[in-house]
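# Chains, contacts and geometry: an overview
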Amino acid sequence: MATIDAASGYDRKKELKEFDESKIGVKGLSDSGITSIPRFFVHPPETLSDLKSSSTCASIPVIDLSGVNSAAHRRKIVEQVKEAAATWGFFQVINHGAPVPAMEETINAIKTFHEQPHEVKSKYYKRSERQEVLYASNNDLYRANAAAWHDYLQVWMAPTPPKVEDIPEVCRKEAVAWAKRATEVAETLMELLSQGLGLEAGKLKELKFVDESVFVGICYPYCPQPDLTVGITPHTDPGVVTLLMQNDVPGLQVKHGDEWVNVDPVPGGLIINVGDFLQIISNGEYKSVQHCVRANSYKKARISVVMFFNVNKGNDDCCYGPLPELLSQEKPAIYRNFTVKEYNENFYSKGLDSKSMIEKVKMQN
């Protein structure tokens, strides 16, 4: 990636560093009343033109979990989850057990955090890959080819919970409570996904596939030139499973076949998606899919709260791959095993991307 444009004298690295060190984030840029975005946020026209929604599909599947503990309904729910995870990689769940007021309180608390004055938020701003509490703009700011129009608050919740006092006070209670509720929903989903693979309900949890969790509260403020950038670059999630809730400002899109499908908020719904890790350990039965967020053209900020669940990656030498129970002569492994060290190096060596770990471990025919 070129950092200096000889013709114009534009020094990309210098501008990135100045923006990062200002600690104002894109919310600060938006609030300042700028009418044109900094050049390092501008994405190539060919990238942006591909993101136009052209789908006639209504949206991703919506699955009602209200009968999940009833033998009469569970089999049908398992089939619905299996089908959605295999064909879409994305679905929404309703009647999932997490109270709607608690969801709204969490969304509002994250909104309040991002609306705080710069001098209050900036003490949390840092550029770090460590598992801690931080606020920043673009996790991959220096690694990506172009920046995206969002800021985020990140709190690593498990396996080692943070000191509660390290979490910003305006969203502390809500973040801790939501992490607990989201984990309960994730564990239910892992049971359903496990049964969808023909395994015992507790198998994926027993293998500690949701032992690591990260709470991320994202703000997509108004962008004065939304046709030149994105809210989040098209990517797949590298982990096991992701739970997302959002306010009523649209923007999330999912790739289905060759088309981008708009994901409209469903009241009380949680959006679930399959990560690359789950695609690999399911030997391709479940699919991770590309998704992105359009830059926000509305004056009201888009807020989303995301819980990323993953295997506990504490030991670099731990090895993972397709589950042996899913393999046979008729269904051989299509991915090789890999270590946690290899997984981490792949994620932190570049900007957000799509299925790079899957491609790396795919077996050659």
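Further up the page is the structure itself.
### Focus on the packing of helix H5 (residues 100-115) against helix H7 (residues 172-196)
Between H5 and H7, the least distance of the axes is 9 Å, while the angle of their chain directions is 135 degrees. When the axes of H5 and H7 are compared, the pair comes out oblique. Where H5 crosses over H7, the two elements pack in a sense that is left-handed. When H5 is examined against H7, the residues Ala 102, Met 103, Glu 105, Thr 106 and Ala 109 are found in contact with a partner set consisting of Glu 174, Trp 178 and Arg 181.

### A short note on the environment of Asn 139
Along the chain, the position of Asn 139 falls in the loop between strand E5 (134-136) and strand E6 (151-158). Along the chain, Asn 139 and Asp 151 lie 12 residues apart, while their C-alpha atoms are 8.9 Å from each other. The contact partners of Asn 139, leaving out residues within four places of it in the chain, are Arg 127, Glu 129, Tyr 152 and Phe 347.

### Considering the sheet that holds strand E7 (residues 212-220)
On the basis of which strands lie adjacent, the open sheet formed by eight strands has the order E3-E4-E12-E9-E14-E7-E6-E5 and mixed pairing. At either margin of the open sheet sits one strand with a lone partner, and together these are strand E3 (62-64) and E5. The average undirected angle you get between the axes of adjacent strands in this sheet is 25 degrees. Pairing of E6 with E7 involves seven bridges; the strand directions are antiparallel. Looking at E7, one finds that Val 155 is bridged to Phe 215. Contacts between H5 and the sheet are confined to E5, E6, E7, strand E9 (241-246), strand E12 (270-274) and strand E14 (302-310), with E7 contributing the most and set at about 60 degrees to the helix.

Conventions and cut-offs
Along each chain, residue indices are assigned from 1 in the same order as the chain's sequence is written. Given that the model is predicted, a residue must reach a pLDDT of at least 70 before its local features are reported, and side-chain atom pairs must reach 80 or more before they are shown or counted; all residues, however, enter totals for whole chains, interfaces and linings. Values reported for side chains reflect all heavy atoms of the structure, with hydrogen atoms and water molecules removed beforehand. Interaxial angles span 0 to 180 degrees and are taken between N-to-C directions of axes, which are lines fitted to C-alpha atoms, for helices over the stretch in contact. Strands are runs of DSSP state E lasting at least two residues, helices are runs of H or I lasting at least four, and both sets are numbered from the N terminus onward. Reported orientations rely on four angle classes, namely roughly parallel under 35 degrees, roughly antiparallel over 145, roughly perpendicular from 65 to 115, and oblique for the rest. Helix crossings fall into two classes, left-handed where the near helix is turned counterclockwise from the far one by less than a right angle and right-handed where it is turned clockwise. Any two residues whose heavy atoms approach within 4.5 Å at even a single point are treated as in contact. Strands pair, by our definition, only if DSSP identifies at least two bridges between them.

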